[in-house]
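Tertiary structure, described
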Amino acid sequence: MTLYTIEQLDDQDPLAAKRALFDLPEDVIYLDGNSLGALPHASIQRVQEVVTHQWGNDLIGSWNKHGWIDLPQKTGDKIASLLGAGPGQVIVCDSISVNLYKLLITALEMQPGRATVVSEQGNFPTDLYMVQGVQALLGEKRCNLLTVAADSIEHALTEDVAVLMLTHINFRSGQLHDMQRLTRLAHAKGILVIWDLAHSAGAVPLNLDDCGVDFAVGCGYKYLNGGPGAPAFLYAATRHHEKINQPLAGWMGHANPFAFSQDYQPAPGIKQFLAGTPSIIAMAALDAALDVFNDIDMTTVREKSVALTQLFLQLKQQHTDLDELILCSPEDTSQRGSQLSFCHDDAYAICQALIDNGVVPDFRAPDIVRFGFTPLYLSFADIANAVEILQKVMHEKRYQKDKYKQRATVT
Ligand SMILES: *Cc1c(COP(=O)(O)O)cnc(C)c1O
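Residues numbered from 1 in each chain as written. Predicted model: local features only at pLDDT ≥ 70, side-chain atom pairs only at ≥ 80, totals over all residues. Heavy atoms only, no water.

Glancing now at the domain arrangement of the protein chain. By a widely used convention, the size of an interface equals the accessible area lost when the partners come together. Assigned domains within the protein chain: domain 1 (3-30 + 297-405) and domain 2 (46-293). Placing the centre of domain 1 and that of domain 2 at their C-alpha centroids yields a distance of 30 Å. At the interface, 25 residues of domain 1 touch 18 residues of domain 2. Contact between domain 1 and domain 2 buries roughly 1700 Å² in total, counting both sides, with carbon and sulfur atoms accounting for 59%. On the surface where domain 1 and domain 2 come into contact, there are zero salt bridges. (Domains from an automatic or database assignment. Contact = heavy atoms within 4.5 Å. Buried area = accessible area lost by both parts, 1.4 Å probe. Salt bridge = Lys/Arg side-chain N within 4 Å of Asp/Glu carboxyl O.)

Structure below.
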């Protein structure tokens, strides 16, 4: 591929104008939007407005006047449109971990006589920790974690299973599950399904309603660009709303919080999943960030994501220096999310050397260099430049410097 055709790719890119909506440093090629999305200009303005005008001037009246009290649902409905979900089924609150805890206990209680929670070996640790915590709380007779390899999931779906809890796109490899098929197979055995969409929301088209998904969670700070520690989201299908007893029964999920009644009575609908007072500043940053998705559909985002990853692989193939980076994501684009992972014994040092040279990926233990592809703010030229820098780092073995080997706390 010549520079000319890369220019052409950028000229024809329907999402090219989106980059201007982000406040990105000039000298960085940011391939880590799957860990922390970039900063949208709209979030800067909104946070300023919320802090100085709403909090500063209007003080407590802002809960009503500026709609703070409805923000978890309003922002949830914006996210719903990216998930193929109708309104009133998504709420923004807490973290994925906390939301999984609520959903696991909710779902287990809906499945009397069943205790097994099936998940995948190599799932994101917090997802498995949450099941382990629920198991310690309720006892094995009511919650029993079974982790199986990806190719054994289908086989593990028996009538003893209460819940299938899977991450749609694996954080290490980028392997993508067939949501429709697995949800259907689980339902055929009476199993409820919880999907973790941390690496899916804002990255790939989703159809939660059409797939008949029961519950889902996802991340505000990855592809949705909501900022560090942005609140997460929780999806619960409308058909379950009447049957739910979520365990973190807090006042914000009460039918009438300002009645200050001594007895808990859940709010109708999705609002019952709220527990305590939401962080309005953080949620406002996320709410504003979501507007970058306003006039585009996720199919366009996905098409560009596939084209960016394919260009990366194609350019990588032209350099024998790069052969020692072994692709550990699926080659088939329909089987992977918006990332490429490569294995190498010096993966950590390679990441550090790349960062020093203006390309930001991340490292995932034990040996993965992970590149995230965010079509809203990456160009085809960025990918070509990133591969060129990667080639230099590998060819000159720049990563072998001692300074690149010292592990930081966050990788
Ligand atoms: C990033 C990520 C999380 C993060 O969980 P939090 O509790 O929101 O910090 C959870 N699950 C998966 C699969 C992730 O990739």
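The local shell around the ligand consists of Ser95, Ile96, Ser97, Phe124, Thr126, Asp127, Thr167, Asp196, Ala198, His199, Tyr221 and Lys222. Here an oxygen atom of the ligand sits 3.0 Å away from a polar atom, N or O, in the main chain of Ile96. Between the ligand and Lys222, the relevant distance is 2.6 Å, taken from an oxygen atom to a side-chain nitrogen or oxygen of the residue. Coverage of the ligand by the protein amounts to 88% of the 390 Å² it exposes when considered alone. Breaking the shell around the ligand down by element, the ones donating at least two residues are helix H5 (96-109) and helix H6 (125-138). (Near = heavy atom within 4 Å. Polar contact = N/O pair within 3.5 Å; in protein donor to acceptor, adjacent residues only side chain to side chain. Areas by Shrake-Rupley, 256 points an atom, 1.4 Å probe, with all protein chains shown as cover. Helix = DSSP H or I, 4+ residues; strand = E, 2+ residues; numbered from the N terminus.)

This brings us to the sheet that holds strand E13 (residues 368-372). Across the sheet, which stays open at both edges, the four strands sit in the order E9-E10-E13-E12 with antiparallel pairing between neighbours. Bordering the open sheet on either side are strand E9 (326-327) and strand E12 (362-364), each of which pairs with just one other strand. Across two bridges, E9 lies against strand E10 (residues 339-343) in antiparallel orientation. Across the sheet, residue Ile326 finds its bridge partner in E10, namely Cys343. The strands that helix H12 (residues 347-356) touches are E12 and E13; relative to E13, the one it contacts most, it runs at about 40°. (Pairing = 2+ DSSP bridges. Axes fitted to C-alpha atoms, helices over the stretch in contact; angles between N-to-C directions.)

Glancing now at the confidence of the model for the protein chain. Of all residues in the protein chain, 99% have pLDDT values of 70 or greater, and the mean over the chain is 97. Looking at the elements of the protein chain, mean pLDDT is at its lowest for helix H1 (residues 3-11), recorded as 87, and at its highest for strand E7 (residues 215-218), recorded as 99. (pLDDT = per-residue confidence, 0-100.)

Let us look at the sheet that holds strand E8 (residues 233-236). One open sheet accounts for seven strands, arranged E2-E8-E7-E6-E5-E3-E4; its pairing is mixed. Unpaired on one side and paired on the other, strand E2 (90-92) and strand E4 (144-148) mark the two borders of the sheet. With direction set aside, neighbouring strand axes in the sheet form an average angle of 20°. Where E7 lies against E8, four bridges are found, and the strand directions are antiparallel. Pairing of Val217 across the sheet is with Leu234, part of E8.

Moving on, we get to the packing of aromatic side chains. Inspection of every chain in the model, using the stated rule, returns 12 aromatic pairs. On the numbers, 6.0 Å between centres and 25° between planes, the contact of Trp251 with Phe260 is stacked. With a relative accessible area of 53%, Phe260 lands in the exposed category. Taken together, a centroid distance of 5.2 Å and an interplanar angle of 85° make the contact between Tyr348 and Phe363 edge-to-face. Taken together, the residues span a long stretch of sequence, with Tyr348 in helix H12 and Phe363 in strand E12 at a distance of 15 residues. The exposure class of Phe363 is buried, given its relative accessible area of 2%. Three or more aromatic residues link up through ring pairs in this structure, and these residues are Phe312, Phe342, Phe371 and Phe373. The lysine or arginine in question, Lys222, covers the ring of Phe124, its NZ or CZ lying 5.4 Å from the ring centre. Here Arg407 stacks its cationic end above the ring of Tyr348, 4.9 Å away from the centre of that ring. (Phe/Tyr/Trp six-rings, centres within 6.5 Å; stacked < 30°, edge-to-face > 60°. Buried < 20%, exposed > 50% of the residue type's maximum accessible area, 1.4 Å probe, protein only. Lys NZ or Arg CZ within 6 Å of the ring centre and 35° of its normal.)

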